[in-house]
Amino acid sequence: MKMKDTMDKDITILAIESSCDETAASVVVNGRDVLSNVISSQIDIHTLYGGVVPEIASRKHTERINQVVKKGLSEAGKTLQDMDAIAVTYGPGLVGPLLIGVSEAKALSFATGIPLIGVHHIEGHISANYIANKDLEPPFACLVVSGGHTHLVLVKDYGEYEILGRTQDDAAGEAFDKVAREIGLGYPGGPKIDKVSKEGNPAAIDFPRGKVAGSRYDFSFSGMKSSVLNYLNTCKMKNIEISVPDVAASFQQAVVDVLVSHAMWAVEEFHLTKFALAGGVASNTALRAAMEKACAERGVEFFCPPPILCTDNAAMIGSAAYYEYIKGVRSGLDLNAKPGLRLGER
Ligand code: KG4
Ligand code: ZN
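Given the structure is predicted, the values throughout are model-derived calculations rather than measurements.

## A closer look at the nonpolar core
If you look at the biggest cluster of nonpolar residues, it comprises 47 residues, and the most contacted ones within it are Leu143, Phe221, Phe251, Phe275, Leu287 and Met291. When residues of this core are traced back to their parent elements, those giving at least two are strand S6 (140–145), strand S7 (150–157), helix H5 (172–182), helix H6 (189–197), helix H7 (222–237), helix H8 (244–269), strand S9 (274–278) and helix H9 (285–297). Among the elements that line this core, the one with the most residues is H8, at 13 residues. The residues contacting Phe275, other than those within four sequence positions of it, are Ala141, Cys142, Leu143, Leu152, Ala263, Val267, Met291, Cys295, Val300, Glu301, Phe302 and Phe303. Grouped together as the second largest cluster of nonpolar side chains are 37 residues, Ala85, Ala276, Ile317 and Ala320 included.

## Topic: the sheet that holds strand S10 (residues 301–303)
Taken in spatial order, the 5 strands make up an open sheet running S8-S7-S6-S9-S10, and their pairing is mixed. Single-partner strands in this sheet number two, and they are strand S8 (160–166) and S10. Mean inter-strand twist for the sheet, computed between neighbouring axes without regard to direction, equals 20 degrees. As paired strands, S7 and S8 are joined by 6 bridges and run antiparallel to one another. Bridging from a neighbouring strand, His151 pairs with Arg166 of S8. Against the sheet, helix H4 (residues 121–132) makes contact with S6, S7, S8, S9 and S10, and its axis sits at roughly 125 degrees relative to S6, the strand it touches most.

## Concerning the coordination of the zinc ion (ligand 2)
Protein-derived coordination of the zinc ion (ligand 2) comes from His121 (NE2), His125 (NE2) and Asp312 (OD), at a distance range of 2.0 to 2.1 Å. One can describe the site at the zinc ion (ligand 2) as tetrahedral: its 4 donor atoms subtend angles covering 95 to 134 degrees at the metal. Here the donor residues of the zinc ion (ligand 2) share one chain and are spaced in sequence as H-x3-H-x186-D. Here His121, found in helix H4, pairs with Asp312, found in the loop between helix H10 (307–310) and helix H11 (315–325); they are 191 residues apart in sequence, far enough to count as distant. By relative accessible area, which is 3% here, His121 ends up buried.

Rules behind the numbers
Residues numbered from 1 in each chain as written. Chains lettered and ligands numbered in written order. Predicted model: local features only at pLDDT ≥ 70, side-chain atom pairs only at ≥ 80, totals over all residues. Heavy atoms only, no water. Core = buried A, V, L, I, M, F, W, Y, C linked by side-chain atoms within 4.5 Å. Buried < 20%, exposed > 50% of the residue type's maximum accessible area, 1.4 Å probe, protein only. Helix = DSSP H or I, 4+ residues; strand = E, 2+ residues; numbered from the N terminus. Contact = heavy atoms within 4.5 Å. Pairing = 2+ DSSP bridges. Axes fitted to C-alpha atoms, helices over the stretch in contact; angles between N-to-C directions. Donors = N, O, S within 2.8 Å, 3.2 Å for Na, K, Ca; no water. Tetrahedral: all angles 85-135°; square planar, octahedral: opposite > 155°, others 65-115°.

Written out as structure tokens, the structure is:
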């Protein structure tokens, strides 16, 4: 039976996200209307180190979280007292950064008596699609591709998931970031590969399409990443000059092919009519175009949030929290950060 997905009155939620290197706060009404979406990114700092340094991320979250929450409320034209719930990402993610958001949300909830709701970060990414597409309702399938996760998920109902496949090694975004570093593009690699690929030939180098033996839906990206490294080493030894745009475009094409083929196997096997993308890598222009085309060829409706809702943000957490709220889910003040939290686990 499908859950009733509305309440008699508007439900306004303050959401907080701090699982990696973005300190974010947002006010969301009824899971779909975003009144504010404040994101304070630490990218500039971590770029100096070629990746996210957890200790620095924790320190920056501590410095910024109060101002970000204040701004989230003021940009929405709301006060804390207007909130029906305070939502926060409690996993998965980096433990230090998660703890800053969880502590902030618990303190606000304790001080005001407003209910607390702990949200799963991947559930947030999936829910970004509810914000971008007001009419989207489960069931649908969603490919969540980010810096930390690659999950192909059947969204059976709000908050009800079946994981068809996941990465067995690197996440898709992690592979983008590592390859970008090797070809001298720097951090964060995904957007840089996306940009430089536009000048390259995606068919220039035939990188392998990763497979996982005995599992149709699982992903493997580390072999694909290694094949790029082998290619670079071979060129170096033979004194062959590499074309960065060609390497980037060919690697990106290999990743896109793998993601699209897995997604379409699921569409066909489960006779799906709706397919959604989510997570930071969902902002990749080649992936969006290829997935849209593959869905159109099969008469499947395609959904993808705008880039600002693909990468980490708190609005998506506010959306996921709403569907928990109307089910009566509340967290206690003993809510703790769970860095390895699995989808569907509480
Ligand atoms: O969802 P997200 O902000 O954080 C996690 O939950 O991990 O995703 C960040 C990841 C990074 O690996 C970044 O390189 C990748 O998303 N990314 C992209 C693009 N924009 C961000 N990857 C490929 N193409 C892009 N345009
Ligand atoms: Zn994320």
